[in-house]
Amino acid sequence: MEEIRIKPIGVVKTSVVDIRSMPMEGENAVIEVKEKYAPALQRIEENSHIWIICWFDRSERNVLQTMPLIMEPEPVKFGVFALRCYKRPNPLAITLVSLDRVEKNRLYVSGLDAVEGTPVLDIKPYYE
């Protein structure tokens with residue numbers, strides 16, 4: 001299989017800079033979409049929620065098993081494909097966020113689990 005090349009369409013802006021300090025419920029953030037992709041945002045504000053697809057660029061890519069941070073009564077290992085952890089061979093992340101407001105090429109969202117500077121690969125509307 002050939003290598004896949006993907007170019008980010010934007011970047012995450014948030015006060016959270018360390019993966020380990022990310023709250024489980026995510027954080028408020030701004031998705032800053034590159035100017036050349038701004039026309040693709042037309043009418044996005046009609047959605048209450050959107051999917052943000054990111055590349056966790058600072059993630060460890062050689063981890064195949066890990067223990068969830070919250071495990072009771074005793075920690076057990078899981079394969080990374082059975083968890084929503086950031087450590088994985090291809091650190092793609094998909095998060096459903098609330099779209100709070102739109103200002104030009106900036107999407108103000110809540111509930112995003114990506115840190116400052118994380119590349120955004122795509123945005124998709126959420127439908128129930």
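Look a little higher up for the structure.
The model shown is predicted, which means the values in this text are computed figures rather than measured ones.

Calculation notes
Residues numbered from 1 in each chain as written. Predicted model: local features only at pLDDT ≥ 70, side-chain atom pairs only at ≥ 80, totals over all residues. Heavy atoms only, no water. Pairing = 2+ DSSP bridges. Helix = DSSP H or I, 4+ residues; strand = E, 2+ residues; numbered from the N terminus. Axes fitted to C-alpha atoms, helices over the stretch in contact; angles between N-to-C directions.

## Brief notes about the pairing of strand 6 (residues 92-103)
- As paired elements, strand 3 (residues 49-55) and strand 6 share seven bridges and run antiparallel to each other. Within the sheet, the bridge partner assigned to W51 lies in strand 6 and is L96.
- In the sheet, strand 6 pairs with strand 7 (residues 106-112) via five bridges, with the strands oriented antiparallel. Its bridge partner lying in strand 7, S98 is registered against S110.

## As for the sheet that holds strand 1 (residues 10-13)
- Ordered by their spatial adjacency, six strands build a closed barrel running 1-2-7-6-3-8, and the pairing between neighbours is antiparallel. For this sheet, the mean inter-axis angle between neighbouring strands, taken without regard to orientation, is 45°.
- As paired elements, strand 1 and strand 2 (residues 27-33) share four bridges and run antiparallel to each other. Residue G10 lies in a different strand from strand 2, and its bridge partner there is V33.

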